[in-house]
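Structural overview
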Amino acid sequence: MTIISGGKYIPICPADDPQNPCLGATFFEWSDEWWKAGTPSSHSTNGFYFSMPDGYSNEEWYGIVDIYREPRQAYHTLAAAYRSSMSRDTIKLKADSNYGEGTATWDQWARFHKGDDSICYARDGAGGGGKGISVGVLDGGFGHFEEIKVFNTEGSSAASQLLVDFLSEVDDGKILMMTVCIDATARLSDPARLAIESATGSTEIRNLVKYGSWAIIAKKGAGAPLAEGIDNTQWIDLTVEAVVDLDTDGDGIVNKDDADDDNDGMSDTDELAVGLDPLDVDTDDDGILDGVDSNMFPPVLQLLADIEVNAGELINITISADDADVNTLTYIAFGLPDSATFNTATGQLYWQTTADNTGSYGITIIVTDSEYYDYGTFIINVNQGNRPPVLNPIGNKSVDENSLLSFTLQATDPDLDTLS
Ligand SMILES: [Ca+2]
Ligand SMILES: [Ca+2]
Ligand SMILES: [Ca+2]
Ligand SMILES: [Ca+2]
């Protein structure tokens, strides 16, 4: 996320400021209007026909979680899409204190970068909130920004104590980024400097003077910063950078050296081979770790083609599905007439059609591995076919000898075909 407006970085997405719009997207709903119509306490099965498992289009079927709030495939696909943009092993961080290239333009920034993303407090932002010391906190497992705050140690005596309190709440192992946006020292107390030193292992914060620049990247409690810089020349831009090794499971072995980054019992290699996220301990969120979960993938029903037969013909097909976990599958069919038989274990559909069965049948098939399901629909058309014409009785004919016998044969055709 790089927040830029009119060529300037702006302070943290002010949604109420039309001059500084922020573009983005989020998911408004996990599911679509559950239990809206019909009986609110149960799943509605009415309305118009659509290719839903029960044949009816009700809101309960829509969304990225199902009616039992189990994540659908779309949920995992989205999660993977977001996760794929992240580094599994390391994150590149940069903190800078920007005085506008040495000119007192009153256009100062404190800015944090993670990879290509950048978040900034500007000096003019939010009622002077950009002054003082800006602090970013990232988790050490995924490299997410957890908090970004600014402590106006230039303008407020209370800000120093707030900074002390804030740092004391940050857990050891979290990644701290701190930098100055304009003057940080006017009301920066000694206890605040000590708190910074204790949290980051900083050796320089005690030396910072008015309009000096200082920036640091540190793991809290590690004893020494990962990167730190100070320059007490007034109005000088200063940047520090660090590459931070992530340790997602927090076992002290960083991901690049850990064969099982999330410690879920399944190696990174195996997870990647089957399309799982090696940083997600429970991919399907069912409370069972990936390494011991025997059912993580929904079955996938093979494509169902419409069937066209003439009355009297036999339908004998087997519907099949794949399941990456090789779970036992059960098939359920809706829309078949009583004369058809359907084997729920094998998916075999057997139907000796008769003239009584002519018509069109919308069939829905659900396949389930007892935890997940897939479904599909197809149509069976039983046509009348070409039934034989029926010759009317000719009856006995009599004629005189040497005379011409002439009569016309009559026949009917139940399909009204042209007869000859
Ligand atoms: Ca680890
Ligand atoms: Ca794993
Ligand atoms: Ca699981
Ligand atoms: Ca399965």
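The paragraphs below set out a description of the structure included in this document. (Residues numbered from 1 in each chain as written. Chains lettered and ligands numbered in written order. Predicted model: local features only at pLDDT ≥ 70, side-chain atom pairs only at ≥ 80, totals over all residues. Heavy atoms only, no water.)

Let us look at the overall build of the protein chain. Across its full length, the protein chain carries 4 helices and 22 strands. When each of the 420 residues of the protein chain is scored for burial, the buried share is 40%. Within the protein chain, contacts between residues at least 6 apart in sequence are counted, and of these 56% link residues at least 24 apart. When the accessible area of the protein chain is evaluated, it comes to approximately 22,500 Å², of which 51% is carbon and sulfur surface. (Helix = DSSP H or I, 4+ residues; strand = E, 2+ residues; numbered from the N terminus. Buried < 20%, exposed > 50% of the residue type's maximum accessible area, 1.4 Å probe, protein only. Contact = heavy atoms within 4.5 Å. Areas by Shrake-Rupley, 256 points an atom, 1.4 Å probe, with all protein chains shown as cover.)

Looking now at the coordination of the calcium ion (ligand 1). Summarising the metal site, the calcium ion (ligand 1) is bound by the protein donors D247 (OD), D249 (OD), D251 (OD), I253 (O) and D258 (OD), whose distances to it range over 2.2 to 2.3 Å. Mapped onto the sequence, the residues coordinating the calcium ion (ligand 1) show the spacing D-x1-D-x1-D-x1-I-x4-D. (Donors = N, O, S within 2.8 Å, 3.2 Å for Na, K, Ca; no water.)

On to helix α2 (residues 158–169). Along an α-helix, residues three or four apart share an orientation, since each turn contains 3.6 residues. With 12 residues, α2 ought to run about 16 Å at 1.5 Å a step, and its terminal C-alpha atoms sit 17 Å apart, in line with that. Buried residues along α2 sit in contact with β6 (132–138), β7 (145–151), β8 (175–181) and α3 (190–200). (Expected span 1.5 Å × (residues − 1).)

Here we take up unusual backbone geometry. One non-glycine residue, Y211, lies in the positive phi region at around 60°. Its location among the elements puts Y211 in the loop between α3 and β9 (213–219). The backbone of D285 shows a phi angle near 55°, a positive value even though the residue is not glycine. As for its placement among the helices and strands, D285 is situated in the loop between α4 (268–273) and β12 (300–301).

What follows covers the coordination of the calcium ion (ligand 3). Around the calcium ion (ligand 3), the protein contributes the donor atoms D282 (OD), D284 (OD), D286 (OD), I288 (O) and D293 (OD), at 2.2 to 2.3 Å from the metal centre. All donors of the calcium ion (ligand 3) belong to a single chain; written as a sequence motif, their spacing is D-x1-D-x1-D-x1-I-x4-D. Judged by relative accessible area, which is 36%, I288 ranks as partly exposed.

What follows deals with the sheet that holds strand β10 (residues 227–231). Spatial ordering of the open sheet is given by β7-β6-β8-β9-β10, a layout of 5 strands whose pairing is antiparallel. Looking at strand neighbours, the two that pair on one side only are β7 and β10, the edges of this open sheet. The sheet shows a mean angle of 10° between the axes of neighbouring strands, direction not considered. Along the sheet, α2 contacts β6, β7 and β8; its crossing angle with β7, the most-contacted strand, is approximately 160°. (Pairing = 2+ DSSP bridges. Axes fitted to C-alpha atoms, helices over the stretch in contact; angles between N-to-C directions.)

As a further point, take the pairing of β9. Among the 7 residues of β9, 6 are classified as buried, and the element is accordingly described as predominantly covered. Strand direction decides the pairing type here: β8 and β9, joined by 5 bridges, are antiparallel. Its bridge partner being in β9, M177 is matched across the sheet by I217. Relative to β10, β9 runs antiparallel, the two being bridged by 5 bridges. The partner of I217 across the bridge, within β10, is A227.

Interpretation in functional terms is not warranted from these geometric data alone.
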